[in-house]
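Listed here are the chains, written in short residue letters.
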Amino acid sequence: ICQQAVRCPVVLLSIREVLDVELADSFDRMLGGELESVDSTLRVLLANLAGASGLKAPSVSIMRSVVVESPAKRTFRRSGSQRAYRDEPDFVEIGASMQAMGGIEEVVGFLYRLDQEPWLKRIGLVRIDPQGSEGALRLVVQLSTIFVPGQTPGEPRLEDSPRWPLERYQG
């Protein structure tokens, strides 16, 4: 990428304009702009994905929420117009855990659907434990998502796009 500008098919955009577009896309992929709405939406999304995948007895819990401050906080003054920037958090990270039971098809289907979802997420743990001799599996997934307080997401501009085709999981 050129240091001065990025060439697009129609227009020439500066690095700042490209970053602004990417940031707006990220905002549109958030689940909300306040803790309560993101918490609720995250619980509903995970429970619905589990149900749509055929998993039994899904249990979703929120593990933590962490306010991440600006790494530039020390560069802003404590008084005057810069104080607002100094005290403003960069984003909030919310962690969640989902447990459910199912067969291998349901587990793989859930993981595929979760990967396919366009909202911002980082999957930190996937644990699959056999339960009994009938082929039942216990799935535990831990993930996190972020939001910027006060920033209301628009409609996501991204379509569902799984990283891998479902056939990749077939043995």
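All values reported here derive from a predicted model rather than from experimental measurement.

Undergrad: So what exactly am I meant to see when it comes to the packing of aromatic side chains here?
TA: Remark: the centre distance and the inter-plane angle together describe each pair of aromatic rings, the angle taken between the planes. Counting across every chain of the model gives zero aromatic pairs. The ring of Trp-119 carries Lys-121 above its face, with NZ or CZ at 5.0 Å from the centroid.

Undergrad: Teacher, can you tell me more about helix α2 (residues 35–53) here?
TA: Taking 1.5 Å per residue as the helical rise, α2 with its 19 residues ought to reach 27 Å, and the 27 Å between its terminal C-alpha atoms agrees with that figure. Listed as buried for α2 are Val-38, Asp-39, Leu-42, Leu-46, Leu-49, Ala-50 and Ser-53. All buried residues of α2 project into a common sector of 110 degrees when viewed along the axis, lining one side. Along its buried surface, α2 packs onto β3 (56–69), β4 (89–102), α4 (104–116) and β6 (136–147). Gly-54 sits one or two residues past α2 and shows a positive phi near 90 degrees.

Undergrad: Explanation requested: the sheet that holds strand β5 (residues 122–131) in the structure shown.
TA: The strands making up a sheet associate through hydrogen bonds between their backbones, and the pairing can be parallel or antiparallel. Ordered in space as β3-β4-β6-β5, the four strands form an open sheet in which the pairing is antiparallel. Lying at the two open borders of the sheet, with one neighbouring strand each, are β3 and β5. Here the strands of the sheet are splayed against their neighbours by 15 degrees on average, with no regard to which way each runs. In terms of strand pairing, β4 meets β6 through 11 bridges, oriented antiparallel. Directly across from Gly-95, in β6, lies its bridge partner Ser-144.

About the criteria used
- Residues numbered from 1 in each chain as written.
- Predicted model: local features only at pLDDT ≥ 70, side-chain atom pairs only at ≥ 80, totals over all residues.
- Heavy atoms only, no water.
- Phe/Tyr/Trp six-rings, centres within 6.5 Å; stacked < 30°, edge-to-face > 60°.
- Lys NZ or Arg CZ within 6 Å of the ring centre and 35° of its normal.
- Helix = DSSP H or I, 4+ residues; strand = E, 2+ residues; numbered from the N terminus.
- Expected span 1.5 Å × (residues − 1).
- Buried < 20%, exposed > 50% of the residue type's maximum accessible area, 1.4 Å probe, protein only.
- Arc of directions from axis to C-beta.
- Contact = heavy atoms within 4.5 Å.
- Pairing = 2+ DSSP bridges.
- Axes fitted to C-alpha atoms, helices over the stretch in contact; angles between N-to-C directions.

Purely geometric stuff here, so don't read any function into it on its own.
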